[in-house]
Each structure stands twice: as structure tokens, then as C-alpha cells.
Amino acid sequence: MTLLAVCACGGGGTPAPHAGPRRLMLRDLGVTVIVPTYEALTQAADAQVEALRTLEAQPDATGLVAAQNAWRRARAAWKRSEVFAFGPAAALRSAAKIDWSPIRGDRIESAIAGSATFDAAAIEDLGANVKGLLALEYLLFDPTGGDAAVLSRLRASPARRAYARALGENLRHQSALLRDAWSPAAGNFAAELAAAGQGSQSYPTVKSAVDALVNQLIFVSDDVAQRQLQAPLGANGTPRPDLIVAARSRSGLADVLDDVTGIQNAYFGSYDGSSGASLHGIIESLSPRTDTAIRLSLRRVFDAAADLAVPLEEAIVDERAAVARAQQRAADLMRHLEIDMTSVLGSTLRFNPSDGD
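The shown structure was predicted, so the numbers you read here are calculated from the model rather than taken from an experiment.

**Q** Explain the overall build of the protein to me, please; I cannot follow it from the model alone.
**A** Along the protein, the regular secondary structure elements total 16 helices and two strands. Taken over C-alpha atoms, the radius of gyration comes to 21 Å for the protein, in line with the 21 Å a tight globule of 357 residues would show. When its C-alpha atoms are laid out on the principal axes, the protein stretches across 70 × 50 × 35 Å. Evaluated residue by residue, the protein yields a buried proportion of 53% over its 357 residues. The long-range fraction of contacts in the protein, counting pairs at least 24 apart against all pairs at least 6 apart in sequence, stands at 79%. Here the protein has roughly 14600 Å² of accessible surface; of this, 53% comes from carbon and sulfur atoms. For the protein, the centre of its 35 positive side-chain charges and the centre of its 40 negative side-chain charges are spaced 1 Å apart.

Put into C-alpha cells, the structure is as follows:
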């Protein structure tokens with residue numbers, strides 16, 4: 001759990017911004033960034049299902065690599081969406097259904113042994129620690145036995161292949177729920193966000209909506225600095241690779257980069273070449289120094305991550321200084337968001353709604 005200190009800011013003599021720019025930012029963020037982010041997640045989940053169906057029908061090396069690559073793309077899309085885990089994602093408890101950690105391998109094996117057929121609905125009724133992206137990672141990757149061991153188990157058990165395919169179908173269902181909740185063609189939570197302070201039931205004030213975004217930005221940056229980088233380095237100098245969430249697929253560094261990419265997209269109000277009114281524009285107009293600090297911090301996290309010559313799972317042993325430098329850069333980013341940005345915006349920090357998932 002991450003406890004964010006309660007802090008009503010806006011001090012330092014900085015005048016509070018009026019609602020206009022912030023309302024424009026919320027409107028553009030929903031349409032320009034959040035909706036496309038969830039559309040990308042659903043498309044990646046669709047592709048993953050197709051790869052898993054192929055693997056179920058023909059469990060060979062080509063199918064396994066395709067399923068592994070599809071899993072990596074789906075996980076990247078999910079990590080980039082985590083910064084928007086307020087509103088529908090909180091109501092749907094999507095984090096618990098899509099990315100619960102830790103999963104229980106023994107319970108996954110029991111589930112596979114207990115049934116021959118699976119579908120998305122059956123997966124939905126199971127506990128959080130036997131489904132989601134990390135349960136699928138458990139079935140598709142084996143850091144000890146390699147792909148040969150994974151294929152051997154899949155070939156020996158049609159139920160195992162069916163379980164993997166059903167996990168993918170359930171992930172697609174969860175992704176589609178998020179996409180539809182935000183889409184203007186369906187639930188249109190993007191309009192709810194844009195209507196903050198003007199009839200929105202979720203956000204009675206513009207400040208309440210901006211606070212939801214700011215708190216999630218801080219939560220994700222804190223998770224990157226502390227859980228994803230500091231914890232695996234080990235508190236007493238002993239590496240803890242077991243604390244890297246997606247270590248089985250050696251995705252620790254990719255998780256860091258995708259989470260920070262999500263933060264970057266949210267801050268700049270941009271996605272895949274499109275952009276609109278943004279937090280960056282608001283902060284730059286109120287405190288150019290703070291905006292510069294945040295932009296430099298984002299760049300330095302990417303640069304420090306690029307300095308790692310090996311996967312994070314190895315770097316915490318062989319390149320500890322480089323990992324420590326990346327962790328420091330991530331901690332700097334978190335502090336600039338938590339202290340400087342909230343001060344400029346006058347935001348209120350609170351417990352993250354995902355705590356306890």
C-alpha cells in the first residue's frame with residue numbers, strides 16, 4: 001500500500017489556476033489520450049486471444065513465440081494505461097482482475113487439474129491470484145526450463161492450453177469494459193471527466209477531477225521508484241529478483257519504461273502523435289521551473305533505463321550502480337510530481353484508490 005501524505009497545497013505564493021485551462025485539459029485528456037490508450041489495450045488483448053487460440057490448436061514453437069510476443073504487447077498496453085486507473089478502472093477493480101500480484105502457481109495447477117474446459121466466464125469466477133496477465137505469464141514463460149519446458153507442458157495437457165486461451169479471453173473482456181466505459185460511443189466517461197464542476201456526478205468540482213489524475217500520476221511514479229526498482233535492489237545490498245513482478249518473462253525493465261511512458265503521455269496530453277491541452281501547458285504557465293524539472297526528470301528516467309545493458313533481472317546483480325541511478329531518477333520524478341506539481345496546482349493528496357488491490 002502506498003500512503004500519500006495528506007497535503008492541501010497551493011502555497012509558496014503561487015496563485016491558484018482558474019478552472020478554464022484545467023477543464024480544457026480534462027476534456028482533451030479523455031478524448032486524445034485515455035480513450036486511445038484503452039482502445040490500444042483492447043486491440044492488444046484481441047491479438048493475444050488469437051495467438052492463444054492458435055497455440056491451443058497447434059502447440060508448437062512458432063505458436064508459443066507468437067503468444068509470448070502478444071502477451072508482451074498486451075502487458076505494455078496495460079502498463080501504459082495504469083496512470084488512468086481512476087473512474088471506471090477503480091469502479092471495475094480492473095487492477096485486481098488484470099494484474100494481480102503475486103499469483104499462485106499451485107492454485108493455477110489445481111484449477112487446470114480440476115477441469116477440462118474453460119471459458120472467460122469460468123475464469124471470471126476464479127480468485128484474483130489465478131488469473132490476469134501474470135497467470136498467463138506463468139503458463140507461457142519458464143526462466144528455468146525455457147520454451148522447451150513450456151511447450152512440453154502445453155502439449156501434454158489440452159486443459160492447460162484451454163486455460164491459457166480462456167485467460168486471454170477474460171483479459172480481453174476486462175479490457176473491453178474499460179474501453180467501453182470511456183468511449184464516447186458507449187459509457188462516455190470522457191464526457192463525465194470533461195464535465196467536472198459542471199454537472200459531473202463523479203467530479204463535483206474541477207479540482208476533484210484534477211486531483212484524481214494527479215494522485216494517480218504520483219502513485220504510478222512512486223510504484224516505479226519504490227516497488228519496481230528500489231525493492232529488487234534489496235534493502236541490505238542483497239538483490240531480490242523475486243520482488244520483480246514480471247520476472248518470469250524478464251519484463252521488469254519493460255514494466256518500468258511502459259509505466260513512465262504512461263506518465264509522460266498523461267503529463268503532455270499526447271498519444272501517438274496527437275495532442276491537446278495538457279498538465280504540461282498548465283504547469284508551464286504557472287511555474288516554468290516546475291515544468292522544466294518534471295520534463296527533465298522524465299527524460300532522465302528514460303536515459304538511466306537505457307544505460308542498463310542487461311535485463312533488470314540481471315542488472316540488480318551485475319549492474320547495481322546503474323539500477324540505483326535509474327531508481328534515483330525515478331524517485332526524483334516522483335518528488336517533483338508529489339511536491340512541486342501539487343503545490344502549483346493546489347492539489348489534495350490522499351490514499352490511492354487502488355490501494356489494497
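**Q** What's the story with the side chain of Asp-28 in this structure? I'm lost.
**A** Summarising the element assignment, Asp-28 is placed in helix 1 (residues 19–57). Taking relative accessible area as the criterion, Asp-28 reaches 15% and is therefore assigned buried. Apart from the residues lying within four places of it in its own chain, the contact partners of Asp-28 are Val-33, Gly-276 and Ala-277.

**Q** What should I look at first to understand the packing of helix 5 (residues 105–113) against helix 9 (residues 158–182) in this one?
**A** Two numbers describe a pair of packed helices, the interaxial angle and the distance between the axes. Close contact between helix 5 and helix 9 brings their axes to 9 Å; oriented N to C, the two are set at 115°. When the axis of helix 5 is compared with that of helix 9, the two are roughly perpendicular. In this structure, helix 5 crosses over helix 9, and the sense of that crossing is right-handed. Residues Ile-108, Glu-109, Ala-111 and Ile-112 of helix 5 form the contact with helix 9, whose participating residues are Ala-159, Arg-160 and Tyr-163. A class-by-class count of the residues in the contact of helix 5 with helix 9 yields five nonpolar, no polar and two charged.

**Q** Sorry if this is basic, but what is going on with the environment of Asp-242 here?
**A** Relative to the assigned elements, Asp-242 resides in the loop between helix 11 (206–233) and helix 12 (252–268). At 2.7 Å, the side chain of Asp-242 forms a polar contact with the side chain of Arg-240.

**Q** Explanation requested: the side chain of Asp-258 in the structure shown.
**A** If you trace the backbone, Asp-258 turns up in helix 12. Those residues in contact with Asp-258, other than ones at most four positions away along the chain, are Ala-76, Lys-79 and Arg-80.

**Q** What is the right way to read the packing of aromatic side chains from this model?
**A** Aromatic rings in a pair are described by how distant their centres are and how their planes are angled relative to each other. Applying the stated criterion across every chain, the model contains six aromatic pairs. Ring plane angle 75° and centroid distance 6.0 Å describe the contact between Phe-189 and Tyr-203, whose orientation is recorded as edge-to-face. With a gap of 14 residues between them, Phe-189 in helix 10 (residues 189–194) and Tyr-203 in the loop between helix 10 and helix 11 connect regions that are remote in the sequence. As far as the burial class goes, Phe-189 and Tyr-203 line up, both buried. A connected cluster of aromatic rings, assembled from ring pairs, spans Phe-86, Trp-182, Phe-189 and Tyr-203.

**Q** Is there a simple way to explain the environment of Gly-252 in this structure?
**A** Positionally, Gly-252 belongs in helix 12. On the basis of relative accessibility, which here comes to 4%, the residue Gly-252 falls in the buried class. Residues Gly-252 and Asn-188 lie 64 residues apart in sequence; the distance between their C-alpha atoms is 33 Å. In this structure, Gly-252 is in contact with Gln-228, Ile-244, Ala-246, Leu-312 and Glu-313, ignoring residues within four places of it in sequence.

**Q** Could you clarify how one ought to interpret the packing of helix 5 against helix 7 (residues 133–140) in this entry?
**A** Two elements in contact, helix 5 and helix 7, have axes separated by 11 Å at closest approach and are oriented at 75°. Judged by the inter-axis angle, helix 5 sits roughly perpendicular to helix 7. Residues Gly-105, Ile-108, Glu-109 and Ile-112 of helix 5 form the contact with helix 7, whose participating residues are Ala-135, Tyr-138 and Leu-139. Classifying every residue of the contact of helix 5 with helix 7 by side-chain character gives five nonpolar, one polar and one charged.

**Q** In this structure, what is going on with unusual backbone geometry? I would like to understand it.
**A** Backbone geometry follows two general trends: most residues other than glycine have a negative phi, and most peptide bonds adopt the trans configuration. Pro-102 follows Ser-101 through a cis peptide bond whose omega is 5°. Among the structural elements, Pro-102 can be located in the loop between helix 4 (94–98) and helix 5. In the Ramachandran plot, Asn-188 falls in the positive-phi region, its phi being about 55° despite a non-glycine side chain. Asn-188 gets classed as partly exposed once you look at its relative accessible area, which sits at 26%. Even without being glycine, Arg-250 reaches a positive phi, approximately 55°.

**Q** Honestly, the pattern of salt bridges in this entry has me stumped. Any pointers?
**A** Charged atoms that come close allow side chains of opposite charge to pair. Scanning the entire structure with this criterion turns up 22 salt bridges. One connected set of salt bridges, linked through shared partners, spans Glu-50, Arg-53, Glu-56, Arg-165 and Glu-169.

**Q** I keep staring at the nonpolar core and nothing clicks. Help me out?
**A** The nonpolar side chains of a soluble globular protein tend to be buried with one another. Grouped together as the largest cluster of nonpolar side chains are 102 residues, with contacts concentrated most on Phe-84, Phe-86, Leu-140, Tyr-163, Trp-182 and Met-341. Among the elements that line this core, the one with the most residues is helix 11, at 14 residues.

**Q** Quick question: what am I supposed to make of helix 7 here?
**A** Side chains three or four residues apart in an α-helix point the same way, a direct result of the helix having 3.6 residues per turn. Across the eight residues of helix 7, eight count as buried, placing the element largely inside the fold. Residues of helix 7 that are buried include every one of Leu-133, Leu-134, Ala-135, Leu-136, Glu-137, Tyr-138, Leu-139 and Leu-140, and no others.

**Q** Can you help me understand the environment of Gln-201 in this one?
**A** Looking at where Gln-201 falls in the secondary structure, it is placed in the loop between helix 10 and helix 11. Residues Gln-201 and Ala-67, 134 residues apart in the sequence, show an inter-C-alpha distance of 41 Å.

Rules used throughout
- Residues numbered from 1 in each chain as written.
- Predicted model: local features only at pLDDT ≥ 70, side-chain atom pairs only at ≥ 80, totals over all residues.
- Heavy atoms only, no water.
- Helix = DSSP H or I, 4+ residues; strand = E, 2+ residues; numbered from the N terminus.
- Rg over C-alpha atoms; globule rule 2.2 N^0.38 Å.
- Buried < 20%, exposed > 50% of the residue type's maximum accessible area, 1.4 Å probe, protein only.
- Contact = heavy atoms within 4.5 Å.
- Areas by Shrake-Rupley, 256 points an atom, 1.4 Å probe, with all protein chains shown as cover.
- Lys, Arg positive; Asp, Glu negative; His and termini not counted.
- Charge placed at Lys NZ, Arg CZ, Asp CG, Glu CD.
- Axes fitted to C-alpha atoms, helices over the stretch in contact; angles between N-to-C directions.
- Parallel < 35°, antiparallel > 145°, perpendicular 65-115°, else oblique.
- Left-handed = near helix turned anticlockwise from the far one by under 90°.
- Nonpolar A, V, L, I, M, F, W, Y, C, P; charged D, E, K, R; others polar.
- Polar contact = N/O pair within 3.5 Å; in protein donor to acceptor, adjacent residues only side chain to side chain.
- Phe/Tyr/Trp six-rings, centres within 6.5 Å; stacked < 30°, edge-to-face > 60°.
- Salt bridge = Lys/Arg side-chain N within 4 Å of Asp/Glu carboxyl O.
- Core = buried A, V, L, I, M, F, W, Y, C linked by side-chain atoms within 4.5 Å.

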